[in-house]
Amino acid sequence: MTSAEAGLMRLLTAIFADNVVTAEERQELVELQADLEPATVQRVFKAFVEQKWGEALADGVVTEEEKLILRRVVEELEVPESALPPRLRLSLRAR
């Protein structure tokens, strides 16, 4: 992971730490993305979603709150469904 990718990952971690994305955080994310190749951004977003999915799976039970958090992350980052791990896709479809 390059320093730019690591910086983006740190920003994502900070933004989603409280599960609320403010306008300022969104703007900071847009500005940081502008300096990176789209494929790089998508790779980091995918890695972040997979990290959050791993956190949700850690105790063996994915709660409704965890699903909400995951949905918010996926929607906010506009990660295509095809880029999601299959089990996460199924979990988010189940309501």
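Right, let's walk through the structure included here. Predicted model, so just to flag it, every value in this text is computed and none were measured.

### Quick look at the overall build of the chain
Logical step 1: Across its full length, the chain holds 5 helices and 0 strands.
Logical step 2: For the chain, the N- to C-terminal ordering of α and β elements is α-α-α-α-α.
Logical step 3: The C-alpha radius of gyration computed for the chain amounts to 13 Å, which stays within 12% of the reference 12 Å derived for 95 residues, consistent with globular compactness.
Logical step 4: For the chain, the spread of C-alpha atoms along the principal axes amounts to about 35 × 25 × 20 Å.
Logical step 5: By residue count, 38% of the 95 residues in the chain fall in the buried class.
Logical step 6: Pairs at least 24 apart in sequence give 62% of the contacts found in the chain among residues at least 6 apart.
Logical step 7: When the accessible area of the chain is evaluated, it comes to approximately 5,800 Å², of which 54% is carbon and sulfur surface.
Logical step 8: A gap of 8 Å separates the mean positions of the 12 positive and 18 negative side-chain charges of the chain.

### Focus: the environment of Ser91
Logical step 1: Looking at the secondary structure, you find Ser91 in helix α5 (residues 86-93).
Logical step 2: Owing to a relative accessible area of 12%, Ser91 belongs among the buried residues under this scheme.
Logical step 3: Taking the C-alpha atoms as reference, Ser91 lies 23 Å from Val21; in sequence the two are 70 residues apart.
Logical step 4: Excluding anything up to four places from it in sequence, Ser91 contacts Trp53, Val62, Lys67 and Arg71.

The rules we used
Residues numbered from 1 in each chain as written. Predicted model: local features only at pLDDT ≥ 70, side-chain atom pairs only at ≥ 80, totals over all residues. Heavy atoms only, no water. Helix = DSSP H or I, 4+ residues; strand = E, 2+ residues; numbered from the N terminus. Rg over C-alpha atoms; globule rule 2.2 N^0.38 Å. Buried < 20%, exposed > 50% of the residue type's maximum accessible area, 1.4 Å probe, protein only. Contact = heavy atoms within 4.5 Å. Areas by Shrake-Rupley, 256 points an atom, 1.4 Å probe, with all protein chains shown as cover. Lys, Arg positive; Asp, Glu negative; His and termini not counted. Charge placed at Lys NZ, Arg CZ, Asp CG, Glu CD.

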